[in-house]
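Read off the chains here:
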Amino acid sequence: MKRVFLSLSLLATISLADSKVIEGFSSPESVIIKDKNVYVSNVGVKLEPTTKDGDGFISKLDEDGNIIELKFINGLDAPKGMGIIKNTLYIADVDTLKAYNLTTKKEVFSLVFKGIKFLNDITVKDDKTLFVSSSDANAIYEVNLDKKDYTKVVDFNAANGLHYEDGALYAAELGSSSEKMFDAKGKLYRIDLKNKSLNLLSSFEGILDGVQKVGDKVYVSDWVNFKNSGVIRIYDTKTKKESVLGTQLLHGAADFIIDEKTNRLYIPQMIAGKVSIVDLK
């Protein structure tokens, strides 16, 4: 999915305090956009990302943040990362990769990952291939959608945010390991898929969540801690410089996205139960 971003110099001056905030979500974790529709994954009333309690759901909004249907897809457990291929929405839900037709809302795909309890993010490679991170298994997997099977790509500590581009994965660690997921020592890497090598990018560490690369810039959300302190960090792959986007502190800065047509940043505040929309024009 193509997206247009503003220059780093302009983005860095924008105050997120001017953002529009939509309330009423239940531990919103990830946002994805197709056409003019915005989809938000909700882990559930309690922030329990590994619990199979059936109270997770996907919300559907318009591009202005108006809620079209709060529980557009219902009956999930703890849905997190999402990916869209054509008219199909793929969702990482605890131990299962699920998919739903966006028109009918019917389930069209399901693949269980054995021995895993914390599937986290999704990134699309092509129409037949996804990459999925597992925070508890310390691994990133490649999924063949036609064969309905998966293989481990690489071992990766507390794997969380993923972004695929040109034979590489940009990947963020939630923490230093699955046993220490929230120790604020997660790092950002580039993974060469040809030789499976991990190349450390960032000097910063944190409770890292969403990842998106545009041009030379890699954007990463960082919870920082569980207070109202989350931010979006930026790493420039060309200059190696690091910066922070905006000034507002986000309460649970999770898996964000920026829309191509409107130049708006959509970011879930997972602990606050809100989604912030920032106009970057």
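The numbering scheme is per chain: residues are counted from 1 as the chain's sequence reads. With the structure being a predicted model, the display of local features is reserved for residues of pLDDT at least 70 and the display and counting of side-chain atom pairs for 80 or more, all residues being used for whole-chain, interface and lining totals. As a rule here, side-chain values cover all heavy atoms of the structure and leave hydrogens and water aside.

(A) Here's a closer look at the pattern of salt bridges. Put simply, a salt bridge is a Lys or Arg side-chain nitrogen that is within 4 Å of an Asp or Glu carboxyl oxygen. Overall, the coordinates contain 12 salt bridges when judged by the stated rule. Salt-bridge contacts for Lys128 lead to Asp146; the nearest nitrogen and oxygen are separated by 3.6 Å. Linking Lys128 in the loop between β10 (119–126) and β11 (129–134) with Asp146 in the loop between β12 (139–144) and β13 (149–155), this pair joins segments that are 18 residues apart in sequence. A salt bridge links Lys217 to Asp236; the shortest N-O distance between them is 3.4 Å. Remark: Asp236 occurs in strand β20 (residues 230–236) and Lys217 occurs in strand β19 (residues 217–222); sequence separation between them is 19 residues. Only protein chains enter the accessibility calculation, which uses a 1.4 Å probe. A residue is then buried if its area is under 20% of the maximum for its type, exposed if over 50%, and partly exposed in between. Lys217 gets classed as buried once you look at its relative accessible area, which sits at 18%. Secondary structure elements follow DSSP: runs of H or I no shorter than four residues count as helices, runs of E no shorter than two count as strands, and numbering proceeds from the N terminus.

(B) Spatial organisation of the sheet that holds strand β16 (residues 188–192). At least two bridges found by DSSP between two strands are what make those strands a pair. Strand order in the open sheet made by the four strands is β14-β15-β16-β17, with antiparallel pairing throughout. Single-partner strands in this sheet number two, and they are β14 (159–165) and β17 (197–200). If you compare each strand with its neighbour and ignore which way they point, the axes differ by 25° on average. Helix axes are fitted to C-alpha atoms over the stretch in contact, other axes to C-alpha atoms as well, and angles between N-to-C directions run from 0 to 180 degrees.

(C) Summary view of the nonpolar core. The term nonpolar core refers to a set of buried residues drawn from Ala, Val, Leu, Ile, Met, Phe, Trp, Tyr and Cys, joined through side-chain atoms within 4.5 Å. Counting 23 residues, the largest nonpolar core has Tyr39, Ile58 and Leu89 as the members making the most contacts within it. Every element with two or more residues in this core is listed here: β2 (28–34), β3 (37–42), β4 (56–62), β5 (67–76), β6 (79–85), β7 (88–93) and β24 (274–279). Beyond its immediate sequence surroundings of up to four residues, Tyr39 is in contact with Ser30, Val31, Ile32, Lys34, Ile58, Ser59, Lys60, Phe72, Met82, Ile84 and Leu102. For this analysis, residues touch if any pair of their heavy atoms sits within 4.5 Å.

(D) Representation of the confidence of the model for the chain within the structure. The score called pLDDT rates the predictor's confidence residue by residue, from a low of 0 to a high of 100. This prediction gives the chain a mean pLDDT of 92; 93% of its residues lie at or above 70. Every residue in residues 1–14 scores below 50 in pLDDT, and together they form 34 contacts with partners more than four places removed in sequence or on other chains.

(E) Quick peek at the pairing of strand β9 (residues 107–112). Bridging between strand β8 (residues 96–101) and β9 involves five bridges; their strand directions are antiparallel. Paired with Ala99 across the two strands is Phe109, which belongs to β9. From the end of β8 to the start of β9, which pair antiparallel, there are five residues, and Lys105 there has a positive phi angle of about 65°.

(F) Just the pairing of β24, in detail. Sheet analysis places strand β1 (residues 20–22) next to β24, joined by three bridges and oriented antiparallel. Within β24, the position partnered with Lys20 by the bridge is Ile277. The pairing of strand β23 (residues 264–269) with β24 spans six bridges and is antiparallel. Counterpart to Gln269 in the pairing with β24 is Lys274. Between β23 and β24, which pair antiparallel one after the other, the connecting turn spans four residues, and Gly273 there sits at a positive phi close to 70°.

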